[in-house]
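Next come the chains, spelled out residue by residue.
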Amino acid sequence: MSTALYRRYRPDTFEEMVGQEHVTGPLQQALRSGRVNHAYLFSGPRGCGKTTSARVLARCLNCAQGPTPTPCGTCPSCVELARGGPGSLDVVEIDAASHGGVDDARDLRERATFAPARDRFKVFILDEAHMVTSQGFNALLKIVEEPPEHVKFIFATTEPDKVIGTIRSRTHHYPFRLVPPDVMTPYLAKLCEQEGIQVGPGVLPLVVRAGGGSFRDSLSVLDQLLAGGQTIEYEGALALLGYTSSALLDDVVGAIAAGDGASAFRVVDQVVTTGHEPRRFVEDLLERLRDLIVIAAAGDAAAATMRELPPDQLERMVTQARNMGLAELSRAADLVNDALREMAGATSPRLQLELLVARLLLPAADDDELGLAARLDRLERGIGSAAPSRPDPRTVSPASAPSPAEPAAAPEPPAPAPVDA
């Protein structure tokens, strides 16, 4: 049985943490200076390293060479708390989702009074801390406020607002963030190289998009794609993750820009007949429109703004943004966003999708400012493309040009009509 990638690559030190330097830096400095607090609150989205950082902090505190910002990795405490280790008796992880009542808080308070079995500190890590009831938090308040010298508390939660204020005020709060794509993509590329995984062009941006900035979720998606073999192609990843292909989005955007209803509804029919979910197609279309708006607004800096796009795809999208115009793109994004809300729980998603495409093709149907701006954009583009080109006076031959000294000859008068005798 293979171990999941997110477990095999779980960080053992703060240096191995990805995209959380704003948290790991102050924690390491606190360990160097000996100013470690008695209680911490780690908050942020799922899969960003809150519980892992709590384990690493416990490892740094109980290292035989510590407290140190870099654990030695060889002492009994470091070995037990390392990746895949059995765990330590002096580091207690509690799932607050199932142990958040008053009785659990009283039990934790009694256990905290005992000295560590072997290590320097007894560390309590409360995962999903927002699930602790108000009564449970109140039962913990006194010991969190004035714990014994050997006790450290680390609360990890995705919803820090649900942790009562009296507890939050007694902790050092560190908010974790989603990992940006320009950090996650190089990391995944390096991991694939270490694992001997062959990935096709465009696969890693799909993985990063599906992971949503979560380190754990991105590795889980990559693990799922690896189930089909050590080589991951773009089309296979696209089909497995359920995203809409770039070619299909190019077709529908081009049809809307050209006002080609036949091509647009042909794309809708293809979406339905190939088994794509209409709501997912609308989500992908909204993301494409968002990218086109950014490109249209960025102008010459579009390449620096959209670094994750391949050059050929970026070139096509620059053309699409130029063909539609910023006003029509903004109107289209608003319509798609409204349709996305209406499709939640709709009994006929295909009908909703067809109505959306019809409204996108008819800017005259909207009487608001966005509809007027879209119509003006279309008129300006039509006039610009239909305007006759004026001849360059430098290229006109002297023989064909009228001479200013010789006025044009006057037309001959008509012949008189014959008179009957």
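The preceding data block contains the structure.
Quick summary incoming for the structure in this document.

1. Details of the packing of aromatic side chains
And then number 1: Summed over the entire model, instances satisfying the criterion amount to seven aromatic pairs.
And then number 2: Ring centres of Tyr40 and Tyr174 lie 6.0 Å apart, and the angle between their planes is 35°; this geometry places the pair in the tilted category. Highlighted residues: Tyr40 in strand S1 (residues 39-43) and Tyr174 in strand S5 (residues 172-175), separated in sequence by 134 residues.
And then number 3: The rings of Tyr40, Phe42, Tyr174 and Phe176 are connected pair by pair, giving a single aromatic cluster.
And then number 4: One Lys or Arg, Arg209, reaches over the ring of Tyr243 and ends 4.1 Å from the middle of that ring.

2. What about the sheet that holds S1?
And then number 1: Spatial ordering of the open sheet is given by S2-S3-S4-S1-S5, a layout of five strands whose pairing is parallel. Strands with a single pairing partner mark the edges of an open sheet, and in this sheet they are strand S2 (91-95) and S5. Each neighbouring strand pair of the sheet contributes to a mean axis angle of 15°, computed without reference to strand direction.
And then number 2: The pairing of strand S3 (residues 122-127) with strand S4 (residues 151-157) spans six bridges and is parallel. Its bridge partner lying in S4, Phe124 is registered against Phe153.
And then number 3: Against the sheet, helix H5 (residues 102-112) touches S2, S3 and S4, its axis set at about 160° to S3.

Calculation rules
- Residues numbered from 1 in each chain as written.
- Predicted model: local features only at pLDDT ≥ 70, side-chain atom pairs only at ≥ 80, totals over all residues.
- Heavy atoms only, no water.
- Phe/Tyr/Trp six-rings, centres within 6.5 Å; stacked < 30°, edge-to-face > 60°.
- Helix = DSSP H or I, 4+ residues; strand = E, 2+ residues; numbered from the N terminus.
- Lys NZ or Arg CZ within 6 Å of the ring centre and 35° of its normal.
- Pairing = 2+ DSSP bridges.
- Axes fitted to C-alpha atoms, helices over the stretch in contact; angles between N-to-C directions.
- Contact = heavy atoms within 4.5 Å.

Keep in mind that these numbers describe shape and distance, not what the molecule does.
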